[in-house]
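Take a look at the letters that make up each chain.
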Protein chains: 2
Amino acid sequence: MDIREIARRAKVSTATVSRTINRVPTVDPQLAKRVWRVVDELGYYPNTQARALVLGRTRIFGLIVSEITNPFFPEIVQTFEDLAVENKYEILLTSTVHDPKRMESSVRRMIERRVDGVAILTFGMEESLIEHLRDRKVPLVFVDVGPDVPGIANIRINYISGIRQAVQHLAAMRHTRIAFIAGPEHLKSAGARRDAFRTSMLEIGLSPDLVVIGDHRMEGGMNALLELNKMSARPTAVMCSNDMTAIGVLREAYEQNIKIPDDLSVVGFDDIHLAEFTIPPLTTVQMSQHGLAEIAFNALLNEVENSTSSREQHSYELVTSLVLRKSTALARAVGSAIVPEKSNRTTRHRKVAESSAR
Amino acid sequence: MDIREIARRAKVSTATVSRTINRVPTVDPQLAKRVWRVVDELGYYPNTQARALVLGRTRIFGLIVSEITNPFFPEIVQTFEDLAVENKYEILLTSTVHDPKRMESSVRRMIERRVDGVAILTFGMEESLIEHLRDRKVPLVFVDVGPDVPGIANIRINYISGIRQAVQHLAAMRHTRIAFIAGPEHLKSAGARRDAFRTSMLEIGLSPDLVVIGDHRMEGGMNALLELNKMSARPTAVMCSNDMTAIGVLREAYEQNIKIPDDLSVVGFDDIHLAEFTIPPLTTVQMSQHGLAEIAFNALLNEVENSTSSREQHSYELVTSLVLRKSTALARAVGSAIVPEKSNRTTRHRKVAESSAR
DNA sequence: AGGCGCTTGGAAAACGTTTTCCAACTTATG
DNA sequence: CATAAGTTGGAAAACGTTTTCCAAGCGCCT
């Protein structure tokens with residue numbers, strides 16, 4: 001069933017059907033109604049492939065993420081889809097799983113399907129691959145990384161705002177030995193977080209050197225805590241490069257019978273939905289997934305729909321901020337009696353700032 | 001840059017380029033090499049839209065899920081994508097978010113983009129919408145629901161196998177008051193789980209009536225535990241319709257200072273990746289997401305690639321089975337001294353059967 | 001040496017749209 | 001009433017492929 005079939009049945013030309021469907025105002029209302037009736041009767045939907053062919057636009061946006069199984073991303077995907085539906089776009093989702101081969105295939109798939117733009121939400125990507133997309137003048141939007149050239153939008157994450165809050169929160173709770181569990185070393189975004197931690201610690205005269213490397217997954221958090229425990233001067237608080245790491249820490253702490261937050265304060269990063277439901281609920285730095293997706297989508301849309309503004313705003317910023325839950329507490333005052341050994345942890349942080357995202 | 005450009009530069013006809021690219025064996029190797037060189041030089045990728053137009057196949061599979069933010073689904077999406085890449089397909093992913101409007105738009109999007117098949121992994125879908133797809137002879141694969149007609153494959157989940165194991169495990173631990181936190185009432189899959197619980201309980205002469213309704217989300221689990229606590233004869237064990245519910249229970253138990261598993265045994269359902277990392281690690285019934293996705297994809301592929309076998313196997317089965325972790329324990333022997341009040345919970349379940357699914 | 005069959009490459013049609021150009025019709029105006 | 005201006009609809013070209021049908025060139029056999 002094609003547009004000609006409709007034309008025949010409605011006794012008009014295909015041009016008229018096309019105009020009707022695309023709501024060109026010059027078509028006679030009477031006729032339009034006749035066409036619409038046939039369209040509805042037959043349940044006709046225009047063939048997007050054919051349309052894309054002549055229009056030169058597919059109305060598909062590519063979305064490249066690191067791994068969809070990381071709870072950080074589904075929220076992003078959902079928001080992205082919501083916006084896509086709203087604007088009559090489709091999404092071509094690919095997950096690189098940190099595999100260079102998959103990254104390459106991701107880019108190829110984007111090009112083959114002729115997407116109108118690509119959001120690269122994988123915190124780290126081989127430069128050479130991007131070239132292929134740039135060569136084809138496909139609008140791109142990056143987070144953190146990404147060169148400063150026209151046609152490429154950048155979302156800068158303001159890590160320092162949230163991380164500084166977190167560090168100062170811990171310091172205010174009398175913690176001085178604050179450790180950091182970093183993300184994979186090659187990830188730019190992980191590096192940025194680590195730098196923000198370093199800066200924040202130095203600012204208030206604390207040593208930023210208690211760092212162990214994780215992998216942004218729960219397993220990494222578990223191992224990291226093990227390592228931290230081997231140290232002679234154990235930290236009393238630990239800040240994690242992402243929430244998954246923090247969840248791993250929580251889990252290992254349970255295994256080791258370390259009480260959170262009484263024995264150890266834990267702070268995460270990302271504020272994934274799950275963070276509200278960990279045991280105990282996780283104090284973490286919020287980086288709104290909803291906000292990130294929204295910025296990314298709109299940047300793409302803007303680039304495509306009014307290419308005139310191509311050299312307007314190309315850089316966006318997303319701020320981060322601390323959300324208090326219950327995984328931090330006053331440091332045990334070692335060798336002093338100022339702080340009671342045992343305190344009622346469930347009532348301590350009652351003025352919790354609940355996440356307002358999504 | 002199109003196929004004609006390549007033809008011109010390689011000094012052959014477009015037909016030859018097409019044949020080369022599609023590896024038709026009759027083309028002269030010498031010539032083929034010349035063509036390939038030009039293709040690589042220019043970084044040419046065939047336009048899939050044009051290809052789809054003439055071939056009548058898009059090499060896109062639709063994947064409809066309930067909500068991508070539910071941790072059950074990302075694993076499925078990942079596996080689906082892995083298989084798609086392997087077989088040179090793309091995925092059109094839509095998330096219904098339990099909204100009838102979105103379901104409708106999902107189906108429309110599938111039709112508009114002319115997908116070659118659709119996997120409906122949303123445990124409940126309006127029948128009328130499916131008609132649109134069936135009318136167009138789009139191969140479909142369902143889970144649980146779905147009529148028994150040619151062109152529609154069905155994946156039957158064997159709920160009873162795993163749930164019976166879970167119930168008997170609890171009974172063996174001397175639990176008699178075992179509650180069930182059900183899923184949303186309108187969901188067929190939730191109903192099937194509840195029925196399996198009922199059957200399993202009756203089989204061993206226990207009352208299956210301690211049921212409260214949840215929503216398959218953490219919030220539902222939290223509320224359900226609250227309700228369970230109001231009862232005069234509190235259950236000593238609770239089985240949940242899915243893992244998210246169980247995680248909610250764990251969370252609320254922490255809030256109420258109810259010790260899991262000492263005060264209450266908890267069993268989940270699904271075995272999402274996270275279940276291994278809850279506190280305590282969740283004993284749950286495994287329904288392999290990987291397996292499910294694999295069956296779904298292959299059913300679709302089979303339907304499309306060799307439509308001859310159209311009336312061969314149309315029904316697939318996925319079995320479920322219990323995986324023991326640490327959220328269940330012996331029931332407190334009320335008013336007797338057989339079981340010690342306090343026992344070392346971390347060593348009780350050492351013969352844990354770790355999940356083997358990824 | 002001539003004809004025959006096979007290999008190889010090319011011209012053109014087809015896929016389902018949109019859109020440009022043009023013609024026919026309607027209405028207002030002198 | 002005739003003509004100009006504006007409205008409305010249609011024929012055909014274009015988008016980038018695949019594939020069918022043909023023709024040319026080649027080696028082989030008699």
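Here the structure is shown first, and the text comes after it.
All of the points below concern the structure found in this document. Nothing here was measured: the structure is a model prediction, and the numbers come from that model. (Residues numbered from 1 in each chain as written. Chains lettered and ligands numbered in written order. Predicted model: local features only at pLDDT ≥ 70, side-chain atom pairs only at ≥ 80, totals over all residues.)

Another point: the relation of the copies chain B and chain A. Of the transformation superimposing chain B on chain A, the axial component is 0.0 Å and the angular component is 180 degrees, with the fit at an RMSD of 0.0 Å. Here the two chains are linked by the operation of a two-fold rotation axis. The position closest to the rotation axis in chain B is occupied by the C-alpha of Gln49 of chain B, lying 2.4 Å away. Comparing interface residues between copies, 100% of those in chain B also sit at the interface in chain A, which points to an isologous, same-surface contact. (Least-squares fit on C-alpha atoms with pLDDT ≥ 70 in both. Contact = placed C-beta atoms within 7 Å.)

Our focus in this paragraph is the packing of helix α5 (residues 72–86) of chain A against helix α12 (residues 289–305) of chain A. Residues and elements named next belong to chain A. Running from N to C, α5 and α12 point in directions that differ by 45 degrees, and their axes come no closer than 8 Å. Judged by the angle between their axes, α5 and α12 are oblique. Read as a crossing pair, α5 and α12 show a hand that is right-handed. On the side of α5, the interface is formed by Phe72, Glu75, Ile76, Thr79, Phe80 and Leu83, while α12 contributes Gln289, His290, Leu292, Ala293, Glu294 and Phe297. For the contact of α5 with α12, a count of residues per class yields seven nonpolar, three polar and two charged. (Axes fitted to C-alpha atoms, helices over the stretch in contact; angles between N-to-C directions. Helix = DSSP H or I, 4+ residues; strand = E, 2+ residues; numbered from the N terminus. Parallel < 35°, antiparallel > 145°, perpendicular 65-115°, else oblique. Left-handed = near helix turned anticlockwise from the far one by under 90°. Nonpolar A, V, L, I, M, F, W, Y, C, P; charged D, E, K, R; others polar.)

Before going further, it helps to spend a moment on the protein's contact with DNA strand C. In the neighbourhood of DNA strand C, 27 residues make up the surrounding shell, with Ile3, Ser18, Asn47 and Ala50 of chain A together with Ser13 of chain B lying closest. Those elements that provide at least two residues to the surface near DNA strand C are α1 (3–10), α2 (14–21) and α4 (48–55) of chain A together with α2 (14–21) and α4 (48–55) of chain B. Residue composition of the surface near DNA strand C, by class: 14 nonpolar, eight polar and five charged. (Near = placed C-beta within 6 Å.)

Looking now at the packing of α1 of chain A against helix α3 (residues 29–42) of chain A. Residues and elements named next belong to chain A. The interhelical angle for the contact between α1 and α3, taken along N-to-C directions, is 125 degrees, at an axis separation of 9 Å. With respect to their mutual orientation, α1 and α3 come out oblique. Of the two possible hands of crossing, α1 and α3 adopt the one that is right-handed. Taking contact as the criterion, the partners of Ile6, Arg9 and Ala10 in α1 are, on α3, Arg34, Val35, Val38, Val39 and Leu42. For the contact of α1 with α3, the class distribution of residues is six nonpolar, no polar and two charged.

All right, on to the nonpolar core then. Counting 181 residues, the largest nonpolar core has Leu63, Val266 and Ala296 of chain A together with Leu63, Val266 and Ala296 of chain B as its most contacted members. Contact partners of Leu63 of chain A, with chain neighbours within four places excluded, come to Val77, Phe80, Ile91, Leu92, Leu93, Ala119 and Leu121 of chain A. (Core = buried A, V, L, I, M, F, W, Y, C linked by C-beta atoms within 7 Å. Buried ≥ 20, exposed ≤ 12 C-beta atoms within 10 Å, placed from the backbone.)

Tallying the contact residues gives 42 residues for chain B and 42 residues for chain A. Breaking the side of chain B that touches chain A down by element, the ones donating at least two residues are α4, α5 (72–86), β2 (90–95), α6 (100–112), α7 (127–135) and α11 (243–256) of chain B. Here the side of chain B that touches chain A is composed, by residue class, of 20 nonpolar, 12 polar and 10 charged.

Let us look at the pairing of strand β8 (residues 237–240) of chain A. Residue and element names in this part refer to chain A. Residue alternation in β8 divides its side chains into two sets, Ala237 and Met239 and Val238 and Cys240, and both sets are buried. Pairing analysis gives four bridges linking strand β6 (residues 178–182) to β8, with the strands arranged parallel. Its bridge partner being in β8, Ile178 is matched across the sheet by Ala237. As judged from the three bridges shared by β8 and strand β9 (residues 265–270), these two strands associate in the parallel manner. Note that in β9 the partner of Met239 across the bridge is Val267. Crossover handedness for the path β8 to helix α11 (residues 243–256) to β9: right-handed. (Pairing = 2+ DSSP bridges. Right-handed = clockwise from strand over helix to strand, strands pointing away.)

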